[in-house]
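Coordinate inspection notes
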Amino acid sequence: MKSKLLDASGARTWALVFDKGDEPVAGITEFAKREGLRGAHFTAIGAFSDVTLGYFDRGARTYKKIPLHEQVEVLSLIGDIALDGGAPKVHAHAVVGRADGEARGGHLLDARVWPTLEVVLIESPRHLCKRHDPDTGLALIDPAA
């Protein structure tokens, strides 16, 4: 992954460009650690050669995996970074398009980039912190933090 700081005059904004075979959630997480990000949001477009999306099953309190082992276009990828237990955690949702035009979407669990993924990441002016929600078992943003 390559990165470039786009605007140093206000809120920091970066362009992160992922290459063939990169795993974007791991790459964004590592970037956030390296830059000391405590809160940010991002959008992206590009393509994946393989992706696993997730649908949160409330009863089981886990994600039902939706694997797509095929080339797909990333029609929309949005997410945020917030602190969870003192470390940055990426939360992202994606909509991908298949070759026949069908769209699939969900929580981004795992993906492999092919040929590129272009992410625009903007640091939040306030720190976003997550807290464990015992009702869902998820780490959710706590606006009071």
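Residues numbered from 1 in each chain as written. Predicted model: local features only at pLDDT ≥ 70, side-chain atom pairs only at ≥ 80, totals over all residues. Heavy atoms only, no water.

What follows covers the packing of aromatic side chains. Scanning the model with the defined rule gives two aromatic pairs in all. Between the aromatic rings of W14 and F31, the centroid separation amounts to 5.3 Å while the plane-to-plane angle is 80°, which identifies the pairing as edge-to-face. Here F31 lies in helix α1 (residues 24–35) and W14 lies in strand β2 (residues 13–18), a separation of 17 residues in the sequence. For F31, a relative accessible area of 1% puts it in the buried group. Look at F56 and Y63: their rings are 5.3 Å apart centre to centre, the planes differ by 65°, and that puts the pair in the edge-to-face class. In this structure, K20 packs its charged tip against the face of W114, placed 5.6 Å from the ring centre. (Phe/Tyr/Trp six-rings, centres within 6.5 Å; stacked < 30°, edge-to-face > 60°. Helix = DSSP H or I, 4+ residues; strand = E, 2+ residues; numbered from the N terminus. Buried < 20%, exposed > 50% of the residue type's maximum accessible area, 1.4 Å probe, protein only. Lys NZ or Arg CZ within 6 Å of the ring centre and 35° of its normal.)

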